[in-house]
Amino acid sequence: MNIYDLADLYFDDLKKDKDYQELKNLKKLIDEKYQKEILSFKRCESIYEEAKEKGYLDDNIKNAFISSKTALYEKEEVKRYFFLENKINNKLNSDLDEIKKSITNKFDNAKIIKI
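Residues numbered from 1 in each chain as written. Predicted model: local features only at pLDDT ≥ 70, side-chain atom pairs only at ≥ 80, totals over all residues. Heavy atoms only, no water.

Enquirer: In this structure, what is going on with the packing of helix α2 (residues 18–33) against helix α5 (residues 76–104)? I would like to understand it.
Expert: Packed helices, taken two at a time, are described by the angle their axes make and the gap between the axes. Orientation of α2 relative to α5, taken along the N-to-C sense of each, is 145°, at an axis distance of 9 Å. Considering the relative orientation of α2 and α5, their crossing is left-handed. Residues Asp19, Tyr20, Glu22, Leu23, Leu26, Lys27, Leu29, Ile30 and Lys33 of α2 lie in contact with α5, whose contacting residues are Glu77, Val78, Arg80, Tyr81, Leu84, Glu85, Lys87 and Ile88. Considering only residue class, the contact of α2 with α5 consists of nine nonpolar, no polar and eight charged. (Axes fitted to C-alpha atoms, helices over the stretch in contact; angles between N-to-C directions. Helix = DSSP H or I, 4+ residues; strand = E, 2+ residues; numbered from the N terminus. Left-handed = near helix turned anticlockwise from the far one by under 90°. Contact = heavy atoms within 4.5 Å. Nonpolar A, V, L, I, M, F, W, Y, C, P; charged D, E, K, R; others polar.)

Now the structure itself:
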């Protein structure tokens, strides 16, 4: 079994994880249930970024952006989505750190020839 097979097995297990399944279901629910809020947020974000880039950002644009972001991000499903996303990312990072350590520990640094 090569490293690619192991990676496939790892991600197959990840896809079966209850947190991943909930994250996937929340994504679908949020996209359907909060379509209006998502579109409003993206529109206000685009206007905000353009105004910031071109130097004409004012309080009205800032407030519209903040208001649209708050309206979306305060939804319980969205909060849960970001919580799970962060939890899964932390697990992935932790697992990758373990892999890096196990690979690094296979080599004796004193015997490595430096060029």
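From this point, the discussion proceeds with the structure in view.
Enquirer: I'm lost on the packing of aromatic side chains in this one. Help?
Expert: Aromatic ring pairs are defined here through the distance separating the ring centres and the angle between the ring planes. As enumerated under the stated definition, the model contains six aromatic pairs in all. Measuring from ring centre to ring centre gives 5.9 Å for Phe41 and Phe65, while their planes differ by 25°; the resulting arrangement is stacked. One end of the pair, Phe41, is in helix α3 (residues 35–54); the other, Phe65, is in helix α4 (residues 59–73), and 24 residues separate them in sequence. Look at Phe41 and you get buried, because its relative accessible area is 9%. According to the relative accessible area criterion, Phe65 is buried, its value standing at 13%. Seen from their ring centres, Tyr81 and Phe82 are 5.7 Å apart, and the 80° between their planes marks the pair as edge-to-face. Residue classification places Phe82 among the partly exposed positions, given a relative accessible area of 35%. An aromatic cluster of at least three residues, connected via ring pairs, comprises Phe41, Tyr48, Phe65, Tyr73, Tyr81 and Phe82. Between Lys69 and the ring centre of Tyr73, over which it is positioned, the NZ or CZ distance is 5.4 Å. (Phe/Tyr/Trp six-rings, centres within 6.5 Å; stacked < 30°, edge-to-face > 60°. Buried < 20%, exposed > 50% of the residue type's maximum accessible area, 1.4 Å probe, protein only. Lys NZ or Arg CZ within 6 Å of the ring centre and 35° of its normal.)

Enquirer: Just to check I follow, could you spell out the side chain of Glu37 for this structure?
Expert: Along the chain, Glu37 falls in helix α3. No salt bridge is formed by the buried Glu37; its nearest oppositely charged neighbour, Lys75, is found at 4.1 Å. For Glu37, the contacting residues outside a window of four places in its chain are Leu72 and Lys75. (Lys, Arg positive; Asp, Glu negative; His and termini not counted. Salt bridge = Lys/Arg side-chain N within 4 Å of Asp/Glu carboxyl O.)

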